[in-house]
Amino acid sequence: QVQLVESGGGLVQAGGSLRLSCAASGRTDSTYAMAWFRQAPGKEREFVAAIRWSGSRTYYADSVKGRFTISRDNAKNTVYLQMNSLKPEDTAVYRCAADKTPLRLGAAAGNYDYWGQGTQVTVSS
């Protein structure tokens, strides 16, 4: 089992930046691909970004490409999501997820085995 805890959310003005963190605990000796998803009120869960265990490859949704950067520090068992040039439409609960297949960069939520509770990001116009 892996436990994931997100932090770093908050209220920011449009054009601002936030950095989210996702700390993993439990069976962190295994290798996991990691991802961020988000869900806005009244909308379906949306893939944001994914990263392989090695960090060698990343994958982004078109809506965030060029503005968001996913990274990881395996020594700290932490994944990050740097979010720049934020827009009001980025407002959502952001959740991190872990996939037991370390080389997969999946956008489908069903690929992921463990989920955090989420952190709220609100972007004001």
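From a predicted model like this one, the values you see are computed outputs, not experimental measurements.

Details of the sheet that holds strand β1 (residues 2-7)
Here is step 1 of the chain: With respect to topology, four strands assemble into an open sheet ordered β1-β3-β8-β7, the strand pairing being antiparallel. Because the sheet does not close on itself, it has two edges, and the strands there are β1 and β7 (68-73). Strand-to-strand twist in this sheet, taken as the mean axis angle between neighbours without regard to direction, amounts to 15 degrees.

Thoughts on the state of the cysteines
Here is step 1 of the chain: Within the structure shown, the criterion is met by one disulfide.
Here is step 2 of the chain: Through a disulfide, C22 is tied to C96; the S-S separation comes to 2.0 Å. Between C22 and C96, the disulfide has an S-S torsion of 55 degrees and is therefore right-handed. Taken together, the positions of C22 in strand β3 (residues 18-26) and C96 in strand β9 (residues 92-99) put the pair 74 residues apart, joining distant regions of the chain.
Here is step 3 of the chain: For C22, a relative accessible area of 1% corresponds to the buried category.

What to know about the pattern of salt bridges
Here is step 1 of the chain: In the structure shown here, the tally under the stated rule is five salt bridges.
Here is step 2 of the chain: One salt bridge in this structure joins E46 and R38, with 2.8 Å as the shortest N-O distance.
Here is step 3 of the chain: Salt bridges sharing common partners tie together R38, E46, R67 and D90.

Parameters and conventions
Residues numbered from 1 in each chain as written. Predicted model: local features only at pLDDT ≥ 70, side-chain atom pairs only at ≥ 80, totals over all residues. Heavy atoms only, no water. Pairing = 2+ DSSP bridges. Helix = DSSP H or I, 4+ residues; strand = E, 2+ residues; numbered from the N terminus. Axes fitted to C-alpha atoms, helices over the stretch in contact; angles between N-to-C directions. Disulfide = S-S within 2.5 Å. Buried < 20%, exposed > 50% of the residue type's maximum accessible area, 1.4 Å probe, protein only. Salt bridge = Lys/Arg side-chain N within 4 Å of Asp/Glu carboxyl O.

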